[in-house]
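Structural characterization, general
Take a look at the letters that make up each chain.
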Amino acid sequence: MTVRHFNDERAPEALHKANFIALAPFIFAAAKAMRDLGFFRLLAGSEKGLTKRELAEKAGVTFYAASVLIDAAYRADMVFREEENEREADVRWSLTKTGLYLATDRMTEVNMNFSADVCAEGLLSLTEALKTGKPEGLKTFSRTASTIYPLLETLPEPARTGWFDYDHFYSDHVFEEELPILKSETSFKSVCDVGGNTGKFALAAAAFDPEVKVTIADLPEQCAAAREKISAAGLSERIALSPCDILKSSPADLPRGIDVWWMSQFLDCFSNEQAVKILRLVREAMEDGAVLAVNEIFGDRQRRDTAALVVDECSLYFTAIANGVSRFFNSGEFMECLETAGFRVKSVHDALGLGHTLIIAEKA
């Protein structure tokens, strides 16, 4: 439940939630241990539940380990007691619905891995990052880098897998929905994918229309990663690479003859001021009739509380670890950025993929 007024919560419920938050690191650690030790899997596969001793034996841990972990999981509503026996040793434990999602839901798994393997240690520096405007938690991975982006391909495991699984889970399938919309509104034949990352959109666009040509404009490290995937797909003749640092580029550095300037979850890697600077740069490079297409995810345009929670909480990753200045945008703030940069919105398409918004804009 999203609280919208002070009296939406009763005092006991509010106190419980406050302490749930205060003890969140313990609860998260318990959930991850339940997963990593196989407790979730064992309980999900049991029709009548399992005792602590049975769990210990099947998971290969001590009774103490099973007991302390199940008790913690019980208080966090991950498991429930099948029956109230007098002998504690005979109590059988089963997964709650929350526990079942923790055991089987892919989104929950991706979010947990991203939290644990990429963000957990760095988020401890959030307060400092908010004060300095720098990604103070990035020191978890590098003492010299100013943003995480040049490091992505060389992140140590399991952080690298956790980052890319998170990134791809939320974006892989949205392109299938957006490309037909884009085609119906623009009839494009050429696209510049600004911030193309590993080439996911470029490959999807090339597969969608055999006549479309794509140019990826991104950091040299990202272009190098994309080059391998493009070559493996046999699309090197239709997908070009334009290595650049967009914040240091001029309109002359960008490709010409482009119908659609595409940005997919790219501008959320920059501050509002930097986003406006990039948008103005692209606007200057745009030829008459070209359009800007932006794929973003906005917390305030989500249809479900869970989706809004994921978006707005994960914004703190940008603050503490990625760059210190960006976030998943509030849609109102983003529209102001577009207007300031000299664009007029033609259409907005919400609820695509897992909560994305496609904005198509033109020069004002």
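The coordinates are above.
Conventions used here
Residues numbered from 1 in each chain as written. Predicted model: local features only at pLDDT ≥ 70, side-chain atom pairs only at ≥ 80, totals over all residues. Heavy atoms only, no water. Helix = DSSP H or I, 4+ residues; strand = E, 2+ residues; numbered from the N terminus. Contact = heavy atoms within 4.5 Å. Areas by Shrake-Rupley, 256 points an atom, 1.4 Å probe, with all protein chains shown as cover. Lys, Arg positive; Asp, Glu negative; His and termini not counted. Charge placed at Lys NZ, Arg CZ, Asp CG, Glu CD. Axes fitted to C-alpha atoms, helices over the stretch in contact; angles between N-to-C directions. Parallel < 35°, antiparallel > 145°, perpendicular 65-115°, else oblique. Left-handed = near helix turned anticlockwise from the far one by under 90°. Nonpolar A, V, L, I, M, F, W, Y, C, P; charged D, E, K, R; others polar. Pairing = 2+ DSSP bridges. Buried < 20%, exposed > 50% of the residue type's maximum accessible area, 1.4 Å probe, protein only.

1. Looking at the overall build of the protein
The secondary structure content of the protein amounts to 15 helices and 9 strands. Along the first, second and third principal axes, the C-alpha atoms of the protein reach 80 × 50 × 45 Å. Once local pairs closer than 6 in sequence are excluded, the contacts in the protein between residues at least 24 apart make up 64%. Put simply, the protein shows about 18500 Å² of open surface, and 52% of that area lies on carbon and sulfur atoms. Distance between charge centroids for the protein: 1 Å, based on 40 positive and 55 negative side chains.

2. What to know about the packing of helix H7 (residues 106-123) against helix H14 (residues 305-322)
Between H7 and H14, the shortest axis-to-axis distance is 10 Å and the interhelical angle comes to 25 degrees. Relative to H14, the element H7 lies roughly parallel. When the axes of H7 and H14 are compared, the crossing they make is left-handed. Seen from H7, the contacting residues are Met107, Asn111, Phe114, Val118, Cys119, Gly122 and Leu123; seen from H14, they are Thr306, Val310, Leu316, Tyr317, Ala320 and Ile321. Class assignment for the residues of the contact of H7 with H14 results in 10 nonpolar, 3 polar and no charged.

3. A short note on the sheet that holds strand S3 (residues 190-194)
Strand order in this open sheet of 7 strands is S5-S4-S3-S6-S7-S9-S8, and the pairing throughout is mixed. In this open sheet, the two edge strands, each paired with only one partner strand, are strand S5 (239-243) and strand S8 (343-352). Neighbour-to-neighbour, the strand axes of the sheet open up by a mean angle of 20 degrees, direction not taken into account. Its contacts with the sheet place helix H12 (residues 220-232) against strand S4 (213-218) and S5, and it is angled at close to 165 degrees to S5. Relative to the sheet, helix H15 (residues 331-340) contacts strand S7 (291-296), S8 and strand S9 (356-363), its axis offset from that of S8 by approximately 155 degrees.

4. Regarding the environment of Phe334
Along the chain, the position of Phe334 falls in helix H15. On the basis of relative accessibility, which here comes to 0%, the residue Phe334 falls in the buried class. As for Phe334 and Leu267, which are separated by 67 residues in sequence, their C-alpha atoms are 9.4 Å apart. Apart from the residues within four sequence positions on either side, Phe334 is in contact with Leu267, Val294, Phe298, Phe329 and Ile359.

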